[in-house]
Amino acid sequence: MTDTIEEIQAATKGYIMKEFLPGEDADELSAATPLLSGGILDSISTVKLIGFLEDKYKVEFAAHEVSEDHIDSLEAIAALVQEKLSAG
Amino acid sequence: MTGTSGGLVELFARPLRERATEVALVQHGAERESVTYGELDSRAQAFEDALRANGVKPGDRVGIALPKSIQSVASILGTLRAGAAYVPVGSGAPPRRNAFIFDDCGVASAVVPTGAAEGLIAELGREVRGTHELGDDALLLHLEPGAGEPVKDLAYILYTSGSTGAPKGVTITHENAASFVRWTHELLDLGPDDRFSSHAPFHFDLSIFDLYASLHAGGTLLLIGEEQGRQPRALAPLIAEERLTVWYSTPSILTLLVNHGHLDRIDASALRYVLFAGEVFPPKHLRALKALWPSPRYFNWYGPTETNVITSYEVPETVPEDRTDPYPIGKTCSHVRTRVLADGTKDAAPGEEGELVCAGASVTEGYWNLPDRTADALFEHAGERWYRTGDVVTEDAGGDYIFVGRRDRMVKRRGFRVELGEIEASLYRHPDVVEAAAVALPDEESGVAIVAFLCWTDGQHPSTIKLKRYCTENLPGYMIPDRFSHLDSLPKTSTDKVDYERLKGMA
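These numbers were taken from a predicted model, which means no experiment stands behind them. (Residues numbered from 1 in each chain as written. Chains lettered and ligands numbered in written order. Predicted model: local features only at pLDDT ≥ 70, side-chain atom pairs only at ≥ 80, totals over all residues. Heavy atoms only, no water.)

Draft legend 1. Spatial organisation of the overall build of chain A. Counting its regular elements, chain A contains four helices and zero strands. Of the regular secondary structure in chain A, the N- to C-terminal order runs α-α-α-α. On C-alpha atoms alone, chain A measures out to a radius of gyration of 12 Å, which is about the 12 Å that the 2.2 N^0.38 rule sets for 88 residues. Seen through its C-alpha atoms, chain A measures out along the principal axes to roughly 35 × 25 × 20 Å. Going through the 88 residues of chain A one by one, you find that 48% of them count as buried. (Helix = DSSP H or I, 4+ residues; strand = E, 2+ residues; numbered from the N terminus. Rg over C-alpha atoms; globule rule 2.2 N^0.38 Å. Buried < 20%, exposed > 50% of the residue type's maximum accessible area, 1.4 Å probe, protein only.)

Here it is, written out as structure tokens:
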């Protein structure tokens, strides 16, 4: 039984809130909030987030996927992770 | 330096002619792409022709806002061959900032990604008179005449963070740039078999070595895009697959590679030189890197954009386990002269701290259209033009300079110059901000963390997410504060200035 999109999104959000936005109101971070293009994740925090997702879901991100086109929001991240889970 | 065909153009003219069938540039996008010297020559020629057709004259400026690509290199070379100076900006930087730069130095033409043209044009203070499709999603804009007269022998203008809130343009002549490139070829044994990295974006002065040292050698240059360049997991395999022999970047990137790049899984044994500059390399990370890549020679280079590299230090074979002090910035390069001034005027006694000043072939003639800033930064002495680096150094017993700190509020972040004053000026432009102050703190992982303190009109502050988005619209990524802290008012010193020391304690 793989995680649902909602579960992946919630786990990703939890990680970002704890690591990069401590003290921020959780309602401010919506499924569509731009993470990379909105300046919320910089290069180091993006590397950390990818590490977290790869460890938790035992998936691998291709280099080109670590970009604004593929992981700029919680919904995009969750969709990509789930695609990898169902492919694997 | 004689005429506009010398300098940098002279450095790459021969390889472009004589190595026509050899690979000049490689880039990994969706697919691996490359061009030979002959193809690069044709594409540079096509760009030069397009500029001339648009009426661009020697001494004019040409804006380059393309992401790093074969077309962007061809555009740079074509600009130089037309006798014009190129003005590179970050393709991902806010359009308002790029438009400010292009208007400030009055570029006659600008090449932009087709998709970004509209955003830039909307911010420009001038009309677009015509456009020219270059292919590869690049569009050449021909602009209404702008500010500034033609400037002889100017090769490029690099805009760096300005403390008053607006970026300032460092003007670099052909002779300035070429003297530095020739020095690198004296110091290092570089040839046509070398395969160079191009990690730094073209608006960052590390790119000068990448571009011209590799073309002058007739070697191959691997173009690394901005997104690729930030991803250690993508970068590491590229170094191996492309059998790079010369790597040049900021220590930040090397630290990222050591800590997150799984370097133990790749074969980087082709590397001959690892060069780094732009900021201090913490010995802990340097030691880890040397353990993984033991064979290349390592050089710590130092120099501001206004002079390019002026001191060099070769890192010893072994970095002792207990070393925590960063390595020296080294000894003066052969193309320049340096002195250490105590109290701004007299030479420092041996071992005494003072400001490093520099004269010689690579020293800028000044900032674009900022005579006051130029007069502050440059002074005449014994018939030479000296640049005040703002960096405080001492000389050790072995004659190597040791970097001590800054005289002002400039900090280095990922190797980029950041004036805390420019961040503050940008925050002050927010309609609800009453007071703003930015401080920099040492950070274990990223080197420097920037904390912004803000006071708000009605005491109500926006969320961190909203603030970060506001900043992305107004500042390049490397200037966005890591954290925001909200206060009723900023602490002041007895002379009623912002008490930055107290703010640092509060951060």
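Draft legend 2. Region of interest: the pattern of salt bridges. Taken as a whole, this structure holds 34 salt bridges over all chains when the rule is applied. Where salt bridges share partners, they join Asp41, Glu48, Arg52 and Arg81 of chain B into one cluster. (Salt bridge = Lys/Arg side-chain N within 4 Å of Asp/Glu carboxyl O.)

Draft legend 3. Looking closely at the packing of helix 3 (residues 70-81) of chain B against helix 7 (residues 206-217) of chain B. Residue and element names in this part refer to chain B. Helix 7 packs onto helix 3 with a crossing angle of 75° between their chain directions and a minimal axis gap of 12 Å. Taken together, the axis directions place helix 3 and helix 7 in an arrangement best described as roughly perpendicular. Mapping the contact onto sequence places Val73, Ile76, Leu77 and Leu80 in helix 3 and Leu211, Tyr212 and Leu215 in helix 7. Looking at the contact of helix 3 with helix 7, its residues break down into seven nonpolar, no polar and no charged. (Axes fitted to C-alpha atoms, helices over the stretch in contact; angles between N-to-C directions. Parallel < 35°, antiparallel > 145°, perpendicular 65-115°, else oblique. Contact = heavy atoms within 4.5 Å. Nonpolar A, V, L, I, M, F, W, Y, C, P; charged D, E, K, R; others polar.)

Draft legend 4. Fine view of the interface of chain A and chain B. At the junction of the two partners, chain A supplies 22 residues and chain B supplies 20 residues. Buried surface at the junction of chain A and chain B, both sides included, amounts to about 1800 Å², of which 57% is carbon and sulfur. Applying the counting rule to chain A against chain B returns three salt bridges. Summed over the shared surface of chain A and chain B, the result is eight residue pairs in polar contact (both at pLDDT 80 or more). When residues of the side of chain A that touches chain B are assigned to their parent elements, the largest contribution, five residues, is made by helix 2 (residues 43-57) of chain A. (Buried area = accessible area lost by both parts, 1.4 Å probe. Polar contact = N/O pair within 3.5 Å; in protein donor to acceptor, adjacent residues only side chain to side chain.)

Draft legend 5. Expanded view of the confidence of the model for chain B. Residues of chain B with pLDDT of at least 70 account for 99%, and the chain-wide mean is 94. Segment residues 1-5 of chain B: pLDDT under 50, and twelve contacts once partners within four positions in sequence are set aside and those in other chains are kept. (pLDDT = per-residue confidence, 0-100.)

Draft legend 6. Region of interest: the environment of Val363 of chain B. All names here are of chain B. Topologically, Val363 is positioned in the loop between strand 19 (354-360) and strand 20 (366-367). Residue class for Val363 comes out buried when judged on its relative accessible area of 0%. Considering only alpha carbons, one finds Val363 and Asp391, 28 residues apart in sequence, at a separation of 15 Å. Apart from the residues within four sequence positions on either side, Val363 is in contact with Asn176, Glu306, Thr307, Cys358, Leu378, Arg385 and Tyr387.

Draft legend 7. Structural view of the packing of aromatic side chains. Residue and element names in this part refer to chain B. As enumerated under the stated definition, the model contains 17 aromatic pairs over all chains in all. Consider the rings of Trp183 and Trp301, whose centres lie 5.2 Å apart with planes at 55°: the pair is tilted. With a gap of 118 residues between them, Trp183 in helix 6 (residues 174-187) and Trp301 in strand 14 (residues 297-302) connect regions that are remote in the sequence. Residue classification places Trp183 among the buried positions, given a relative accessible area of 5%. With a centroid separation of 4.6 Å and 25° between ring planes, the pair formed by Phe204 and Phe416 is classed as stacked. Here the residue Phe204 occupies a position in the loop between strand 10 (195-198) and helix 7, and Phe416 occupies one in strand 25 (residues 416-419), the gap between them amounting to 212 residues. (Phe/Tyr/Trp six-rings, centres within 6.5 Å; stacked < 30°, edge-to-face > 60°.)

Draft legend 8. Here's a closer look at the side chain of Asn54 of chain B. With respect to the helices and strands, Asn54 of chain B occurs in the loop between helix 2 (37-53) and strand 3 (61-64). Beyond its immediate sequence surroundings of up to four residues, Asn54 of chain B is in contact with Ser109, Leu140 and His142 of chain B.

Draft legend 9. How the structure looks around the sheet that holds strand 27 (residues 447-456) of chain B. Residues and elements named next belong to chain B. Judged by pairing direction, the sheet is mixed, and its three strands sit side by side in the order 26-27-28 without closing on themselves. The open sheet has two edge strands with one neighbour each: strand 26 (433-443) and strand 28 (483-486). Strand-to-strand twist across the sheet, computed as the mean angle between neighbouring axes with direction ignored, equals 25°. Where strand 27 and strand 28 come together, four bridges link them in parallel fashion. Bridge pairing in strand 28 links Ala452 to Phe484. (Pairing = 2+ DSSP bridges.)

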